[in-house]
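Letter by letter, the chains look like this.
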Amino acid sequence: MSSGGMDDAPDVDANALLEGAGFDPERSVLTRRQAEVLALRERGVRQTTIADLLGTSRANVSSIEASARANVEKARETVAFAEALTAPVGVEVEAGTDLYDVPKLVYDACDEAGVKVNHTAPDLMKLVSDAAGDAVRGREVREPLLVGVTSEGTVRVRRSG
């Protein structure tokens with residue numbers, strides 16, 4: 001069954017996509033093959049079509065894609081960790097803290113450090129809650145968190161317990 005869309009197009013050039021995105025295998029956590037598969041998948045190309053283009057099986061393409069996505073997530077986590085380490089503002093939020101108290105803790109620490117936060121209190125609560133996952137339930141912080149704010153005002157949330 002064909003949808004007649006991009007996912008059927010064998011004329012998609014993975015090399016051109018990688019070049020256009022500035023892929024550098026020497027500086028990437030992705031292998032060239034992982035980058036090719038991700039580039040094609042992000043453009044709606046089906047795994048079976050990619051397998052045909054690359055001369056491999058659909059199962060292999062699926063495995064490559066899963067590894068690539070895992071590597072991207074690890075890279076994001078590494079960047080968040082590095083930013084948290086170097087952030088001029090780090091607020092320890094203890095388990096049992098009311099989520100509604102977190103913005104004041106962050107704003108006070110930022111004021112003391114001369115760092116501007118570009119989030120309203122409700123936005124900051126949502127950001128913390130979303131980033132903390134199940135460490136926050138309702139209004140309760142259930143596990144200790146570290147809220148870091150970079151000198152540019154970027155907020156990073158990490159579990160610290």
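All values derive from a computational prediction rather than experimental measurement. (Residues numbered from 1 in each chain as written. Predicted model: local features only at pLDDT ≥ 70, side-chain atom pairs only at ≥ 80, totals over all residues. Heavy atoms only, no water.)

Trainee: Looking at this structure, how should I read the nonpolar core?
Mentor: Among soluble globular proteins, nonpolar side chains are generally buried collectively. Residues Val106, Leu145, Val147 and Val149 are the most contacted members of the largest nonpolar core, which totals 21 residues. Mapped onto this core, the elements with two or more residues apiece are β1 (89-93), α5 (102-113), α6 (121-132), β4 (145-149) and β5 (155-159). Take this core: its biggest share by element is four residues, from α6. When neighbours within four sequence positions are excluded, Val147 is seen to be in contact with Val89, Gly90, Val91, Val93, Val106, Val128, Val155, Arg156 and Val157. Among the nonpolar cores identified, the runner-up in size contains 17 residues, and Ala14, Leu17, Leu18 and Leu54 belong to it. (Core = buried A, V, L, I, M, F, W, Y, C linked by side-chain atoms within 4.5 Å. Buried < 20%, exposed > 50% of the residue type's maximum accessible area, 1.4 Å probe, protein only. Helix = DSSP H or I, 4+ residues; strand = E, 2+ residues; numbered from the N terminus. Contact = heavy atoms within 4.5 Å.)

Trainee: Any chance you could explain the environment of Ser160 here in plain terms?
Mentor: By secondary structure assignment, the location of Ser160 is in the segment after β5. Ignoring any residue separated from it by four or fewer positions in sequence, one finds Ser160 in contact with Glu92, Pro144, Leu145 and Leu146.

Trainee: Is there a simple way to explain the packing of α5 against α6 in this structure?
Mentor: Helix-helix packing: each pair is described by the crossing angle between the helix axes and the interaxial distance. As a packed pair, α5 and α6 sit with axes 9 Å apart at the nearest point and diverge in direction by 105°. By the angle class used here, α5 and α6 are roughly perpendicular. Contact with α5, carried on its side by Val102, Pro103, Val106 and Tyr107, involves Ala121, Leu124, Met125 and Val128 of α6 and no other residues of that element. When grouped by side-chain class, the residues that make up the contact of α5 with α6 number eight nonpolar, no polar and no charged. (Axes fitted to C-alpha atoms, helices over the stretch in contact; angles between N-to-C directions. Parallel < 35°, antiparallel > 145°, perpendicular 65-115°, else oblique. Nonpolar A, V, L, I, M, F, W, Y, C, P; charged D, E, K, R; others polar.)

Trainee: Help me understand the layout of surface pockets, please; the structure alone is not making it clear to me.
Mentor: The gaps left among the atoms become clear once a water-sized probe is rolled over them. By volume, the largest pocket amounts to about 160 Å³. Lining the largest pocket are Leu17, Leu18, Ala21, Gly22, Phe23, Ser28, Leu30, Ala35, Leu38, Ala39 and Arg43. When its residues are assigned to classes, the lining of the largest pocket shows eight nonpolar, two polar and one charged. (1 Å grid on protein atoms, 1.4 Å probe; cavity = no way out; pocket = protein on both sides within 12 Å on 5 of 7 lines; lining within 4 Å. Points joined across faces, edges and corners; volume = space filled by probe spheres on them.)

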